[in-house]
Structure formats: C-alpha cells, structure tokens
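Structural overview for review
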Amino acid sequence: MHTHPSAGRTSWLTPLCVLCAAVLPGIETYALLHRSAPLAAVAEYHLLSAGALLILLLLLGRQLSVWHRATFAVAALLDVAIQWQSGAEYVMLSVLQPAHIIVLWGIVRMSQVERPQDGTAWQLVRVATPLLLLWGSGAVWSPFVTTPPESYTGGERLISLGMTTLLGCVATLVYTLLRWQRSGASPVAWVGAIAVFAVQQAWLAESVRFVPVIVLAGLIPMFILRLQSAARLLASASLAIVLSGGVMLTVRLTSLLAWNITLWFGALVLCLLGAVALAAFDRPTAVEAQP
Amino acid sequence: MNTSHVVRIPALTRLAQRISDPVVGQWLLMPAFVWFVGGLFLDGWAHNHGKVDNTFFTPWHAVFYSGYLAVAAVLALLVWAAWQRGEQWQRALSVPLRVALVAAPAFGMAGVADLWWHTVYGFEAGIELLVSPPHLTLATTMALICLAPARSDTVARSAVQRIPAVFSVLCAWSVGTFILQFNHPFGIVWPETSTLGDSGMLVGVAGLVLHAVLTGCVGGYMLSRRFPRGALSFVLVTNALLIALMGDEYRFAVGMLVVGLCMESADAFLLGRFSAAQRAQLRAGGTAALTVLAYVGVIAATTVLQWPLLVCLGLALVAGYIALWCAPMTFS
C-alpha cells in the first residue's frame, strides 16, 4: 500500500463519512431484529443507506469509472423506490433485495479507493467497512447475534446453521486479516477495525459477552504477524481457534451450551481447516503486488 | 541414502524411469483416486439410505479402504521407482507428492482411530457423524492426497496430459463437499420447503452462499489455470451427481452443466478484453452467481420455488461478490 509521508495530516471527515455509511445498514437490521421501529420505517433506513452512498459518490466518485458511478446511483434510487413500494415484513426480504446489495457493494467500493496520501483513518475504514456491512446487514446470520450453540438446542437444521455461520464468520475475519497484512497497513487500523466490529456486534446482540472473544481473536494473530510477517498460516489458525473456541466457551460460561463435545470439536476443526486453507491459497491482489 | 551397492536389473530400471515421469505417475494415481473417492461416496450413500448397521466392517467400508490401499500402493510404487533409479524420493518426487506420502500413513492411522472411536462411542448420526475427530482427520488427509496431481500440474502440458489433474481437482473438492454435506443446497432443498421468516430459509441461504462461493473458487481456479475445454463442466456435473447420491437430488446436475458450459463459453470472450486480475474476478464471481441462479432455476422448473425472486437474485449477487473477493486465491 502506498502512503504519503504526510499521511498523518489526511482529512478525517471523508473516512468518517464512509464509516458512517458502513454502519447504517446494521442500524436497519437492529431495528428489524428487535422490533424497535415500525416496519414502515424500513424504507427510511434504506433512504439513509442510499443517501449515504450518493454523498460518497459526490465525494469520491471521480476515482471510479462512469459505469460504476451510474450503476451505484441507479441502484441507490431503485433501492429506496422498491422498499417504499413493497415494504418489508422480514429482515431477509429487505437485506437481500438486489438493489440494496448493490448499494452495499457501492459503499464497499468507496471504502477501497486508494489514494497516495491515505493515512491511518483511511486504512481503518478500508479494513472495517466490508466487515461492518456484511455482518451488520447480515446480522441474522452472525454467530454473535444469533448464537448457535445456545439458541439452537437441537435439530439438524439449527446445528447446521450454527456450524455454517461460525465457519463463515471465521473465514471473513481471516480473509480480512490477510488483506490487512498484505496491504502493509498500520496495526492501529486492524485494532480499530476489530474494536468497531466488536462494538457493532455487541450492540446488535444487545450483549457484550462476545467482545473479549472478538478482541482476543483479533489481537493474537496481529501479534504473531508483527513477530513474523510470513507466519500467515499460524496467525490464521490462531484466529480460527480463538474465535470458534471462544464463542462456544463463552456460551458455556454464560448460559447453556447445547452442543456436545463432538460438535464443539467438529466446529473448531472445520473453522481451523477453513482458515488454514484460506491462508494457504491466499495470493496478493493486483494492488498489493505492486512494489 | 547410498544405493550404489544395489544390483539393478536393466528392465526394472527402464520401468522405473517410465514410472518416474510426472505425467505417468499422475495417470497411475488417477484410477486409484476414482476408487478411493468413489468408495467414500458409496459409504455416504449407504449411510443416507439405511444400508448400514452398527458395525465398522461393511461392504462399503471395504470398497473405501481398499481404494485407500490402491492409492497407497501407487504412492509406494513411485517411491520404489525413485529408489530403483538410485535417487532419494525426498528429492526425486515433487513437493505435492511428498505431502501425499506423509498424508497417506496419517490416513491409515486415522482409519484405525475411526475403528476405535466407533467401538467406544458407537455410531453417531447426522452432523456428528461427519465432524467426529477421526472423520475430519480422514477427510483432511484424503484431500491432501487427492490434491497432489493438481498441485503438480502445469499449463504447458497437453490437454490429455492434464486429465489426471482434472480428476485431482474433482476428487479433492468432492471430499470437501462430502464433509460439508450437512449444509449443501443439493441435500435439503430449502427453497422448496421454507418461506420468509422460517429458520429453514436462514439455513438454506447460509448453505447456498457458502457452496456457491466454493464453486466460484473452483471455477475461477480451473478457468484461470486454463484446463482443457469441458473440464470445468465435467467437474461441476460429476460433483453434483456425487452429492446427489446422498439425497437423490440428481436434477441439479443439469443446472451445473449449464453453469459449466456458460462459464467456459464466456471465458473465451474474456481473454484479451480485461486484465488478468479482472478476468480472475469475473471467472470466480460469475461462476458463483450462475450457480445460485442455476440452482433456483432448476427448482422453479421442476417444483415450486418458495423464495421470492428478488431474494434469489440478491443471493446471486452476494455469492458472486464474495467469490469475486476470493479471486486472488484462484489466480496465480
């Protein structure tokens, strides 16, 4: 990643706008999950996300192609129009609507814009935005919000859901870790992103019990990579073990762990295998490969 | 190891030289892999169709473990060939084959552990059966063994010479989908039975996105490595048929054939029009998105699709976009 010597003087306003845009979809999901807003307000939340994207297009759109700008602008308008007309009785209908997916895509794209003078604030935004959008908008699939080993006391379908969401979350965090490490971004960016992610998930779940797990799962691989930058396999494995084991241990200590030892072990090993496979197959992107 | 004192029979040395050719070695491994992985899915079919009782010694296990012995025999033959030529196998064999040589005895030990596990803890059912410690060890070592030809493959070889690598990708990926069959969309078809607000839809969405992304990665990898035309379609269809053995859902093989043909046709269009990195993204993302569309398309064409169309389109975008981010892993 290219950083200018004067990176410390970069404006904080634009990255803050991107970060706010990344948080907005999670607010909508929170309202739908906890029924703290009338369903009619769903369209208003989409108006916020779409509006945020349009503002970002004004601030940063010059660095995108005309095709990208047009696509994101049209998607933002369509998203609001569709939600206004149809409403949403269920979280999934609101979250998985194609125009809304493109709006989220647009916010991620804005966050990944590279500029020579980018400082730590931008690095943090670049790391955090995909995580916040994916597990904010997709909070119903988050293992920290709909905790699998506790809520799903039985039945193959719910054990399957728990295993899959845990695996998905671990894979996402491992991938983000690898991208952060290859980009050469500051450790403050990674720590900040993990902290923001932990706060978001705690807020969505209305519980802080998984915050230590998320923070530990973020800090340990970071320290491993600081000691040995080539130890990606070990760092990824540590993240997987701490996160998956930590989730189940937290549930065990705070309430009832419905999974037996075979499922516990199986979930942990599946997450570990997924993390190791990701790290083993990881290659630098075109931008990261530049000297 | 100094083997200069060994008397070498010329005919055996010539045979060893022939076997030591990397392509010949892969061709020897290929039928053993088919036997090995075929035995795995045969055992899975038997478990899912009530053809097993509470014993380790079943005909299905016999096929499976004899397949393992066949693979082990071929690997031992490759080591012998190196020794016969007066070389050390640690230097003569490629790194992927050395990994396979370490994984093979580990698989054997895991098999013994599996026998002990079932003797002590009995026979589990469902997801517990798939994720028990011996089974995960078996699957991991099996995947490492099966990956050897693909990792040794080079683009410079002819289409015929690369056939074993195609089977290698198929076998390794199929082992992964076998272990993850508890959330595979071809297993329990949630879009037929679950609706909005149902926990089944949550499960179905999670499984569909995961497997579509994995399919996207396989598609991106095979297209980026320029496997022979038709190889991707073959791998997608065969894997779909293998998974279909578990739940008798053979119709999705048609959908995967469409995905393979579309992506291979589109790939010819991509060359020369985009940068290498962009092509990798389009390959992985396109395969993943098409997988979702083909899946829901097959359901809509054969039964009733309960999920709203907009949700299905949104899922295709989600899977495609996640696979797009994974594209660097498929491209080297």
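Each remark here, short or long, concerns the structure printed above.
Okay, so let's go over this structure. (Residues numbered from 1 in each chain as written. Chains lettered and ligands numbered in written order. Predicted model: local features only at pLDDT ≥ 70, side-chain atom pairs only at ≥ 80, totals over all residues. Heavy atoms only, no water.)

For the rest of this paragraph, the subject is unusual backbone geometry. Glycine aside, residues mostly have negative phi angles, and peptide bonds mostly take the trans form. All names here are of chain B. In this structure, Arg226 is a non-glycine residue whose phi angle is positive, near 55°. Looking at the secondary structure, you find Arg226 in the loop between helix H11 (199-224) and helix H12 (231-247). A positive phi angle, close to 60°, is found at Asp248, a residue other than glycine. Mapping Asp248 onto the fold places it in the loop between H12 and helix H13 (252-270). (Helix = DSSP H or I, 4+ residues; strand = E, 2+ residues; numbered from the N terminus.)

The next subject is the packing of helix H5 (residues 98-111) of chain A against helix H6 (residues 120-137) of chain A. Residues and elements named next belong to chain A. Where H5 contacts H6, the axes come no closer than 8 Å and their chain directions differ by 165°. Considering their axes alone, H5 and H6 lie roughly antiparallel with respect to each other. When the axes of H5 and H6 are compared, the crossing they make is left-handed. Where H5 approaches H6, its residues His100, Leu104, Ile107, Val108, Met110 and Ser111 are matched on the opposing element by Trp122, Val125, Arg126, Thr129, Pro130, Leu133 and Ser137. (Axes fitted to C-alpha atoms, helices over the stretch in contact; angles between N-to-C directions. Parallel < 35°, antiparallel > 145°, perpendicular 65-115°, else oblique. Left-handed = near helix turned anticlockwise from the far one by under 90°. Contact = heavy atoms within 4.5 Å.)

This part takes up the packing of helix H10 (residues 211-227) of chain A against helix H11 (residues 232-254) of chain A. Residues and elements named next belong to chain A. It is at 8 Å that the axes of H10 and H11 come closest, and there the two elements cross at 165°. Classed by the angle they form, the pair H10 and H11 counts as roughly antiparallel. Crossing geometry of H10 relative to H11 is assigned as right-handed. On H11, the residues touching Val213, Ile214, Leu216, Ala217, Ile220, Pro221, Ile224 and Leu225 of H10 are Arg232, Leu234, Ala235, Ser238, Leu239, Val242, Leu243, Gly246, Val247 and Thr250. Across the contact of H10 with H11, the residue classes break down as 14 nonpolar, three polar and one charged. (Nonpolar A, V, L, I, M, F, W, Y, C, P; charged D, E, K, R; others polar.)

A word on the side chain of Thr29(A). Residues and elements named next belong to chain A. Inspection of the secondary structure assignment puts Thr29 in helix H1 (residues 13-34). Looking at Thr29, the relative accessible area reads 0%, which means it is buried. Polar side-chain contacts of Thr29 include one of 3.1 Å to the backbone oxygen of Pro25. Polar side-chain contacts of Thr29 include one of 3.3 Å to the backbone oxygen of Ser137. (Buried < 20%, exposed > 50% of the residue type's maximum accessible area, 1.4 Å probe, protein only. Polar contact = N/O pair within 3.5 Å; in protein donor to acceptor, adjacent residues only side chain to side chain.)

Applying the stated criterion across every chain yields a total of six salt bridges over all chains. Across the pair Glu249(B) and Arg251(B) runs a salt bridge whose closest N-O atoms are separated by 2.7 Å. Residues Glu249(B) and Arg251(B) agree in their burial class; the two are buried. For the salt bridge of Asp267(B) with Arg283(B), the shortest nitrogen-to-oxygen distance reads 2.5 Å. Remark: Arg283(B) occurs in helix H14 (residues 276-302) and Asp267(B) occurs in helix H13; sequence separation between them is 16 residues. Just as Asp267(B) is buried, Arg283(B) falls in that class too. Residues participating in the shared-partner salt-bridge network are Arg179(A), Arg182(A) and Asp282(A). (Salt bridge = Lys/Arg side-chain N within 4 Å of Asp/Glu carboxyl O.)

Counting from both sides, the interface comprises 40 residues of chain A and, opposite them, 42 residues of chain B. Our enumeration of links across chain A and chain B arrives at zero salt bridges. At the boundary of chain A with chain B, the tally comes to seven residue pairs in polar contact (both at pLDDT 80 or more). Among the elements of the structure, helix H4 (91-95), H5, helix H8 (156-183) and helix H12 (261-281) of chain A are those that each provide at least two residues to the side of chain A that touches chain B.

All names here are of chain B. Under the defined criterion, the tally for this structure stands at 26 aromatic pairs over all chains. Where Tyr65 meets Phe107, the ring centres are 6.2 Å apart and the plane angle is 50°; that geometry is what we call tilted. You can see Tyr65 sitting in helix H3 (residues 59-84) and its partner Phe107 sitting in helix H5 (residues 95-121), a full 42 residues away along the chain. A relative accessible area of 0% places Phe107 in the buried class. (Phe/Tyr/Trp six-rings, centres within 6.5 Å; stacked < 30°, edge-to-face > 60°.)

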